[in-house]
Every structure is written in structure tokens, then in C-alpha cells.
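What the coordinates show
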Amino acid sequence: MMRLSGLRCLLVVGLGLLGAGVSKAQVGVYGAFSTAQLTAANTPRIYGGMFGVYYDAKHYPGISLGLDGRFTALPSNSSTSTKSVLVGPRAVVHIPLVPLRVFGEALIGGAHTTTGQGTAHYDGGGMETAWNIGVDATIFPHLDWRVLEFDDGHIIGVASGIKTVSSGVVVRF
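Cut-offs and rules
Residues numbered from 1 in each chain as written. Predicted model: local features only at pLDDT ≥ 70, side-chain atom pairs only at ≥ 80, totals over all residues. Heavy atoms only, no water. Patch = residues over 30% accessible without salt bridge, like charges linked within 9 Å, V, L, I, M, F, W, Y side chains within 5 Å. Areas by Shrake-Rupley, 256 points an atom, 1.4 Å probe, with all protein chains shown as cover. Salt bridge = Lys/Arg side-chain N within 4 Å of Asp/Glu carboxyl O. Helix = DSSP H or I, 4+ residues; strand = E, 2+ residues; numbered from the N terminus. Phe/Tyr/Trp six-rings, centres within 6.5 Å; stacked < 30°, edge-to-face > 60°. Buried < 20%, exposed > 50% of the residue type's maximum accessible area, 1.4 Å probe, protein only. Pairing = 2+ DSSP bridges. Axes fitted to C-alpha atoms, helices over the stretch in contact; angles between N-to-C directions. Core = buried A, V, L, I, M, F, W, Y, C linked by side-chain atoms within 4.5 Å. pLDDT = per-residue confidence, 0-100. Contact = heavy atoms within 4.5 Å. Polar contact = N/O pair within 3.5 Å; in protein donor to acceptor, adjacent residues only side chain to side chain.

Focus: a nonpolar patch on the surface
- A grouping of Val27, Val29, Val53, Tyr55, Val169, Val171 and Phe173 is seen on the molecular surface, where their side chains present a nonpolar patch of about 570 Å² in accessible area.
- The set of elements that each furnish at least two residues to the nonpolar patch consists of strand 1 (26-38), strand 2 (46-60) and strand 8 (160-172).
- Note on placement: Val171 falls in strand 8.

Focus on the packing of aromatic side chains
- In total, this model carries two aromatic pairs according to the counting rule given.
- Between Tyr30 and Tyr54 the ring centres are 6.5 Å apart and the planes differ by 25°, which places this aromatic pair in the stacked class. Here Tyr30, found in strand 1, pairs with Tyr54, found in strand 2; they are 24 residues apart in sequence, far enough to count as distant. Both residues of the pair, Tyr30 and Tyr54, belong to the buried class.

Structural notes on the sheet that holds strand 7 (residues 143-155)
- The eight strands lie next to each other as 1-2-3-4-5-6-7-8, forming a closed barrel whose pairing is antiparallel. With direction set aside, neighbouring strand axes in the sheet form an average angle of 25°.
- Where strand 7 meets strand 8, 11 bridges bridge the pair, whose relative direction is antiparallel. Within strand 8, the position partnered with Arg146 by the bridge is Gly168.

Details of the nonpolar core
- Core analysis: the largest hydrophobic core is formed by eight residues, namely Ala36, Leu38, Ile46, Leu74, Ala111, Ile155, Val158 and Ile162.
- Counting five residues, the second-largest nonpolar core is a separate cluster that includes Tyr30, Ala32, Tyr54 and Val170.

Some words on the confidence of the model for the chain
- Residues with a pLDDT of 70 or more make up 84% of the chain, whose mean pLDDT is 86.
- Here helix 1 (residues 2-22) stands out as the least confident element of the chain, with mean pLDDT 46; strand 3 (residues 63-74) is the most confident, with 97.
- Predicted confidence for residues 9-23 stays below pLDDT 50, and this span has four contacts to residues more than four positions away or in other chains.

Overview of the side chain of Asp68
- Examined against the element boundaries, Asp68 turns out to sit in strand 3.
- Exposure remark for Asp68: the relative accessible area of 1% places this residue in the buried category.

A word on the side chain of His59
- Within the secondary structure, His59 sits in strand 2.
- The class of His59 is buried, set by a relative accessible area of 14%.
- Polar side-chain contacts of His59 include one of 3.1 Å to the backbone oxygen of Asp56.

Digging into the pattern of salt bridges
- This model, assessed by the stated rule, comprises 11 salt bridges.
- Two residues, Arg101 and Asp144, come together in a salt bridge whose shortest N-O distance is 3.1 Å. Here Arg101, found in strand 5 (residues 100-115), pairs with Asp144, found in strand 7; they are 43 residues apart in sequence, far enough to count as distant. For the pair Arg101 and Asp144, one class covers both residues: buried.
- Taken together, the shared-partner salt bridges connect Asp56, Asp68, Arg70, Arg90, Glu105, Asp136, Arg146, Glu149 and Asp151 into one network.

A few points about the pairing of strand 7
- Summarising the sheet, strand 6 (residues 122-140) and strand 7 pair through 12 bridges and their orientation is antiparallel. Considered in strand 7, the bridge of Glu128 is made with Ile155.
- The antiparallel pairing of strand 6 with strand 7 creates a hairpin that spans two residues between the two strands, and His142 there sits at a positive phi of about 75°.

Written as C-alpha cells, this is what we have:
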């Protein structure tokens, strides 16, 4: 009977330590340089910035789950530009023994796009959906380099896709 009590005690302590290690939330603030291409015909590549915040609320061994919110502004000297605000769930996989985090997100929000010239000019907004995947590498404690992020989005009001590639810096709190 004593051996069974020892196992129970070990199980309780182990679960308590596991819960203590995975229960703290994490907030990150990021900024990135972005370049994008609309899938609409005859549109140039556009460049700009992306700023956002994520909140990883749940932590499990090897994976974290949370929310991401971002603002992207891609102005251009030509007639094409887009701005968007997106929010949605995210999942992060922590690679053991390597300071890398691979993340994926499913985002939804609104976008405003200006494209075309003359009679083909469009200036309006619509709903945007996007699937994102990226890699963050830890440089220093609480400071990551967003090595690469690829976004595959669709702006419904414009009937156009948008493919975005970004790289930047993440500060984790």
C-alpha cells in the first residue's frame, strides 16, 4: 500500500509541476517589413509595414494556442495600395533544442484596396480572410526575429487574392 501512495504523490507533484510550467500566458508585439502581390491583373508589387499583437493563452508541451491581431499598410507610388485589419486564432509549435517557433494562423477582418487606372479603377473595401505560416527565431530573451511569414489572403470585396511575405522583429513579454 505504501508504494501505491508514493506513486500517487509522485503523480500529483508531476502534474502540478507540468501545470505550473504551461499555465503562464505570453504577449508579443511585432513589426515587420512586408511585400505583397495582388492576384488581380496588371497590379504591381506593393511594399509597406505590418504591426500586430499576439496573445498565447494556452501552453502545452511543444505547442501554444492563442490569438493574433494585426494592421497592415501597403502603400505604393503607383495606383495600387491596400490596408487591412485582421484577427484570429494561432498555433505555435516549439521546436525542441532549437530556438525556433513555427506558427500558423487563420485570420479574418476587413481590407481597403485601391487598384487600377481609368475605367478599371477600383477604390473600396471588403472582407479579407488569410492563412499564415511563419518562423520566429529567438535572438535574445524576449526578442525574436520573425525570419519569414507567408500570408495567403483573399479580399472578397475586390475579388482578388493577396500573397504577402514579411520579415521583422517580435518583442515578447
